[in-house]
Amino acid sequence: MNAVLGEAGGSVQAADSFVRNLVQNQTFTKYIYLGMGSFYGLALEACLKIKEMSCVWTEAFGTLEFRHGPKSIVEPGTFVCLLLSEQARDYELKVAREMQEYGAFVMLLTGRNGEDTAFADSVFEVGGSRISDDARAVLYLPALQYMGYYTALKLGSDPDSPRNLTQVVKI
């Protein structure tokens, strides 16, 4: 499954249908988000959103750090979402290929799809490969948010009323 955006304004609509179809057609037991630089922060946020909305097991790691031991948790049924940078693209794609060899379903969020991403199970292309990774990061957000939302709906959870959470944390 692949998606391509013509303009940044189409990111929300494209992410909606792309992720909805992905979640409807796949079943995952674990969720792993990988990113480097500013994308690591996004990976943490994606992890938090899916935990809050869906109450599923998930973790986020720095992409290259994941190869040093955490990769031992990867098995069939594991969803690995790589927030692909342009700065370290070649190295990150090697990690993604390795996770796929271990049985993971690999989804790439990228500024540009190409021959080097053809191996992935799913690719969401947001465009903006010529802008900095930091600037392009905002284009990854809709797909990450929708992953938590549609996973929650599939599992019968109410994403608007997460278990054990309130709108304000009181100390």
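Reading the values: rules and limits
- Residues numbered from 1 in each chain as written.
- Predicted model: local features only at pLDDT ≥ 70, side-chain atom pairs only at ≥ 80, totals over all residues.
- Heavy atoms only, no water.
- Axes fitted to C-alpha atoms, helices over the stretch in contact; angles between N-to-C directions.
- Helix = DSSP H or I, 4+ residues; strand = E, 2+ residues; numbered from the N terminus.
- Left-handed = near helix turned anticlockwise from the far one by under 90°.
- Contact = heavy atoms within 4.5 Å.
- Nonpolar A, V, L, I, M, F, W, Y, C, P; charged D, E, K, R; others polar.
- Phe/Tyr/Trp six-rings, centres within 6.5 Å; stacked < 30°, edge-to-face > 60°.
- Buried < 20%, exposed > 50% of the residue type's maximum accessible area, 1.4 Å probe, protein only.
- Core = buried A, V, L, I, M, F, W, Y, C linked by side-chain atoms within 4.5 Å.
- Expected span 1.5 Å × (residues − 1).
- Pairing = 2+ DSSP bridges.
- Right-handed = clockwise from strand over helix to strand, strands pointing away.

A. Inspection of the packing of helix α1 (residues 11–25) against helix α4 (residues 133–154) at higher detail. Where α1 meets α4, the closest approach of the two axes is 8 Å, and the angle between their N-to-C directions is 35 degrees. Classified by chirality, the crossing of α4 by α1 is right-handed. Counted together, Ser11, Val12, Ala15, Asp16, Val19, Arg20, Leu22, Val23 and Gln24 of α1 and Leu139, Pro142, Ala143, Tyr146, Met147, Tyr150, Thr151 and Lys154 of α4 form the full contact between these two elements. When the residues that make up the contact of α1 with α4 are grouped by side-chain class, the tally is 11 nonpolar, 3 polar and 3 charged.

B. Spatial organisation of the packing of aromatic side chains. Tallying each qualifying case throughout the model produces 11 aromatic pairs. Both rings, one in phenylalanine 28 and one in phenylalanine 79, keep their centres 4.9 Å apart while their planes meet at 45 degrees; by these two values the pair is tilted. A residue pair is termed long-range when its members are at least 10 positions apart, and phenylalanine 28 in the loop between α1 and β2 (30–35) and phenylalanine 79 in strand β4 (residues 78–83) qualify at 51 residues. Overall, phenylalanine 79 belongs to the buried group, its relative accessible area being 0%. Summarising the aromatic geometry, the rings of tyrosine 31 and phenylalanine 79 are spaced 5.7 Å apart at their centres and angled 55 degrees between planes, so their arrangement reads as tilted. One end of the pair, tyrosine 31, is in strand β2; the other, phenylalanine 79, is in strand β4, with 48 residues separating them in the sequence.

C. Representation of the nonpolar core in the model. Ranked by size, the top nonpolar core spans 33 residues in total, and within it Tyr33, Phe79, Leu83, Leu109, Leu144 and Met147 carry the most contacts. Those elements that provide at least two residues to this core are α1, β2, α2 (38–54), β4, β5 (105–110) and α4. Per-element tally for this core: the top contributor is α4, with 8 residues. By size, the runner-up hydrophobic cluster in this structure holds 18 residues, among which are Ile32, Phe66, Val74 and Leu82.

D. Spatial organisation of helix α3 (residues 89–101). End to end, α3 covers 18 Å across 13 residues, agreeing with the expected 18 Å (1.5 Å per residue, within 8%). Those residues of α3 hidden inside the fold are in contact with β2, β4 and β5. Looking at the residues trailing α3, positive phi occurs at glycine 103, about 105 degrees.

E. Region of interest: the pairing of β2. Of all 6 residues in β2, 6 are buried, a share of seventy percent or more. Every second residue of β2 is oriented toward a common face, with Lys30, Ile32 and Leu34 on one face and Tyr31, Tyr33 and Gly35 on the other, all of them buried. Pairing between β2 and β4: 6 bridges, direction parallel. Counted as the bridge partner of tyrosine 33 is cysteine 81 from β4. Direction of pairing for β2 relative to strand β3 (residues 58–62): parallel, over a ladder of 5 bridges. Residue pairing for β3: tyrosine 31 is matched across the bridge by threonine 58. As for the winding sense of the linkage, the β-α-β connection from β2 through α2 to β3 is right-handed.

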